[in-house]
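# Survey of secondary and tertiary structure
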Amino acid sequence: MPSDTSSSSPPSSPRTPSPAGYRGLLRNREFAGLYCSFTLTVAASTVSGFALGTLVDRQTRSPFLTAVSMYGATFATVLGALTLMSVADTSRPRRTLAALQCVSLLGVAAQALPGLPLAGRFGLLLVLGFFQSLGTGTRMGLLAEVVPPSAYALARSLMNITSGVMAVLGYALGAVLVGYLRPQQVFLAAAALTALGLVVVAATVREHSIRLLPRPGLRQTWTTNLALFAHPGQRALLLNLWVPNGLVVGCEALFISYAPERAGVLLAAGSAGMLLGDLTVGRLLTADRRRRLAFALRLLLAVPYLLFALHPPVVVATAAVFVAGAGFAATLPLQEQLLALTPDPVRGQVQGVESAGRMTWQGIGATLAGGLAQHLTPGAAITSVAALSVAVTVLSRPFVVRARAVQVEPARA
């Protein structure tokens, strides 16, 4: 992808100054709409994922199938990235996002059908993952248009924080609901949250038709993707956005198998740590400080999970998971660098590919960890996957440093 450090919007685009904090962002009606719909979507996904993982665990008692059921939808996101992700940069993103929300609503509601076989449930996961990846690309493309460039990291930070909060609440709510309701009934609650998110999008987001790309489709998707992966700086950033945290999510996928009665607590601790990390890194640190801390944060993401080799008590394990969760904030400086290297007309697709690849690697991490747990103890599998994440972070560091140099050089020019 050619380096393009031009302004993130055309000269005629009515950009506002960078807002002073989260409250300033939320005064932007369109951002508030995207933010609320995203919040509801994350809550629905968390509740339905916990319900499905519980259902599969009860039926199969298989760590592998349980892990895949919670994160299996991520495999289909790569299909969206490789085929139709160019729809994220269509001239009518509002309509596209609303249509994709409708598909998600139908998919979540279908999980509530009584007597649906596991094969059908996994098939629905793949369909949902495909369309959710397109929805994420469209939403992130809109985000880059409705907030000024200087507020992009702040906006992503707020959305990441909200994702952590809703994950905490969603896992807690899911754990409570599955204690009193059948998983199929919990899916209906998730469908209601998805429907509410659709209403918010329709009511608050306006159309943006400033994009000048050719008609979206397979050819346009592949043209942009080939340019993206041919760019050494973007390639290095994508590797570090995808692999280390994908492997750590594999650790999280084993929590139900590691401590069935405390899985909700462990998952909530990880989400709470992510919330704290994003709040600190996105709100309190400068862009330069974020870049300098990116490597340490990626290490923090995985190193605490090495304690699982000692089979610590649940209290110690929960504290380790909380600390590790803060390491997910490493995505913020990497996403800032990726955005700076991306031409305006394809920002939606590039961000969609980044998100889809990250989600896919979460599925790969869950599958790898689940497969290891079939032959090792869950604790040993968690430790092994975490050690692999540390190795990838350390070995890939020189490439990220070069990517930063690629970004700074055109800026000086």
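Residues numbered from 1 in each chain as written. Predicted model: local features only at pLDDT ≥ 70, side-chain atom pairs only at ≥ 80, totals over all residues. Heavy atoms only, no water.

The next subject is the side chain of Ser37. In this structure, Ser37 sits in helix α2 (residues 29-60). Of the polar contacts made by the side chain of Ser37, one reaches the backbone oxygen of Leu34; its length is 3.0 Å. Those residues in contact with Ser37 that lie beyond four places of it in its chain are Arg139, Gly197, Val200 and Val201. (Helix = DSSP H or I, 4+ residues; strand = E, 2+ residues; numbered from the N terminus. Polar contact = N/O pair within 3.5 Å; in protein donor to acceptor, adjacent residues only side chain to side chain. Contact = heavy atoms within 4.5 Å.)

Turning next to helix α9 (residues 218-230). Relative to the 18 Å expected for 13 residues at 1.5 Å per residue, α9 spans 18 Å between its end C-alpha atoms, a close match to the ideal helical length. Buried residues of α9: Gln220, Thr221, Thr224, Asn225 and Leu228, and no others. Looking straight down α9, one finds that the buried residues subtend no more than 125° of arc, so they occupy a single side. In α9, the exposed residues that point more than 90 degrees away from the buried face are Arg219, Leu226 and Ala230. (Expected span 1.5 Å × (residues − 1). Buried < 20%, exposed > 50% of the residue type's maximum accessible area, 1.4 Å probe, protein only. Arc of directions from axis to C-beta.)

Going through the model one piece at a time under the given rule, you end up with five aromatic pairs. The interplanar angle of 25° and the centroid separation of 5.7 Å between the aromatic rings of Tyr305 and Phe308 together place this pair among those described as stacked. An aromatic cluster of three or more residues is present, and its members are Phe255, Tyr258, Tyr305 and Phe308. In this arrangement the basic side chain of Arg283 is found over the ring face of Tyr22, its NZ or CZ atom lying 5.7 Å from the centre. (Phe/Tyr/Trp six-rings, centres within 6.5 Å; stacked < 30°, edge-to-face > 60°. Lys NZ or Arg CZ within 6 Å of the ring centre and 35° of its normal.)

Where nonpolar side chains cluster on the molecular surface, the patch consists of Leu82, Leu218, Trp222 and Leu226 and spans about 380 Å² of accessible area. Sort the elements by how many residues they give to the nonpolar patch and α9 lands first, with three residues. Within the secondary structure, Trp222 is located in helix α9. According to the relative accessible area criterion, Trp222 is partly exposed, its value standing at 38%. (Patch = residues over 30% accessible without salt bridge, like charges linked within 9 Å, V, L, I, M, F, W, Y side chains within 5 Å. Areas by Shrake-Rupley, 256 points an atom, 1.4 Å probe, with all protein chains shown as cover. Salt bridge = Lys/Arg side-chain N within 4 Å of Asp/Glu carboxyl O.)

Attention now goes to the environment of Gln351. Relative to the helices and strands, Gln351 is located in helix α16 (residues 347-375). Residue classification places Gln351 among the buried positions, given a relative accessible area of 6%. Sequence separation of Gln351 and Gly141 is 210 residues, and the distance between their C-alpha atoms is 7.0 Å. Residues contacting Gln351, with those up to four places away along its chain left out, are Met140, Gly141, Ala144, Tyr152, Arg156 and Leu339.

With the rule as written, the count across this model stands at six salt bridges. With a shortest N-O distance of 3.1 Å, Glu30 and Arg206 are connected by a salt bridge. Placement of the pair is Glu30 in helix α2 and Arg206 in the loop between α8 (183-204) and α9, with a sequence separation of 176 residues. Glu30 gets classed as buried once you look at its relative accessible area, which sits at 11%.

Turning our eyes to something else, we now look at the packing of α2 against α8. A pair of packed helices can be characterised by two numbers: the angle between their axes and the separation between those axes. Here α2 crosses α8 at 165°, and the two axes come no closer than 8 Å. It follows that α2 is roughly antiparallel to α8 by the angle criterion. Crossing of α2 over α8 shows left-handed handedness. Tallied by class, the residues present in the contact of α2 with α8 amount to 17 nonpolar, seven polar and three charged. (Axes fitted to C-alpha atoms, helices over the stretch in contact; angles between N-to-C directions. Parallel < 35°, antiparallel > 145°, perpendicular 65-115°, else oblique. Left-handed = near helix turned anticlockwise from the far one by under 90°. Nonpolar A, V, L, I, M, F, W, Y, C, P; charged D, E, K, R; others polar.)

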